[in-house]
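Report on the structure
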Amino acid sequence: MTISKSHTYFTPEEYLEIERVSPIKHEYLQAQIVAMAGASKAHVIITGNLSALLVKHLRGKGCISYATDMKVRLPSLNLFYYPDLAVTFDDRDRYSNEDFIMHPKLIIEVLSDSTEAFDRGEKFADYKTIAEFEEYVLLHQKQILVEQFQRKSNNLWVPQIYRAGDTIKFTSIGFSCAIAKLYENIEQLL
């Protein structure tokens, strides 16, 4: 199946079929398919650094960290998103043969100028509908700055800001490290 101008609405099954063979990634927003922009070098470096740290930290703990190419499905909202990183402890995700997960505990987005407002607003609101979702983290590319939101109850999310010199803590997965490790090699881009 190919995307054509005459075919503007897709079922989730059609979307997944298209996405399996597409050379570019698309998100699925209530029956519409939206192409995703490519990532900057800084975005790729930060995502890679964090992915390496999380894989090492989570080894043997019965959970999986997915980076960049794993979709999160929100069936009640008829959406599929590609977060930059997602961690799930849920057996329904771990043992599923689907091209997506539905029960992440931690979701991380690396902000870009074109996605920042959406990541902070509508996307975060959509992610909040996931019962298992406990922690949302936003990493800035242009400065050493990490914003973290932790669920304390259904409607209460507590923010925490981390800056240069701080140690970040993702309590949902028992992880901590110097923030500098996330931004390692960024200085080479200047």
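Before going further, it helps to spend a moment on the sheet that holds strand β5 (residues 79-81). Strand order across the open sheet formed by five strands is β2-β1-β5-β4-β7, with mixed pairing between neighbours. Strands with a single pairing partner mark the edges of an open sheet, and in this sheet they are β2 (32-35) and β7 (100-101). Sheet analysis places strand β4 (residues 71-74) next to β7, joined by two bridges and oriented parallel. Looking across to β7, one finds that V72 is bridged to I101. Here helix α1 (residues 12-21) sits on the sheet and contacts β1 (26-29), β2, β4, β5 and β7; the angle it forms with β1, its principal contact strand, is near 175 degrees.

Reading across from one edge, β3-β6-β8-β9-β10-β11 is the order of the six strands in this open sheet, with mixed pairing throughout. Among the strands making up the open sheet, the edge pair consists of β3 (64-67) and β11 (156-163). Ignoring strand direction, the axes of neighbouring strands in this sheet form an average angle of 15 degrees. Sheet analysis places strand β10 (residues 145-153) next to β11, joined by eight bridges and oriented antiparallel.

Take the side chain of D84 next. Mapped onto the secondary structure, D84 falls in the loop between β5 and β6 (85-88). At a separation of 2.6 Å, a polar atom in the side chain of D84 contacts the main-chain amide nitrogen of V110. Residues within four places of D84 in sequence aside, it is in contact with H43, T47, Y66, A67, T68, I108, E109 and V110.

Each value, and the rule that gives it
Residues numbered from 1 in each chain as written. Predicted model: local features only at pLDDT ≥ 70, side-chain atom pairs only at ≥ 80, totals over all residues. Heavy atoms only, no water. Pairing = 2+ DSSP bridges. Helix = DSSP H or I, 4+ residues; strand = E, 2+ residues; numbered from the N terminus. Contact = heavy atoms within 4.5 Å. Axes fitted to C-alpha atoms, helices over the stretch in contact; angles between N-to-C directions. Polar contact = N/O pair within 3.5 Å; in protein donor to acceptor, adjacent residues only side chain to side chain.

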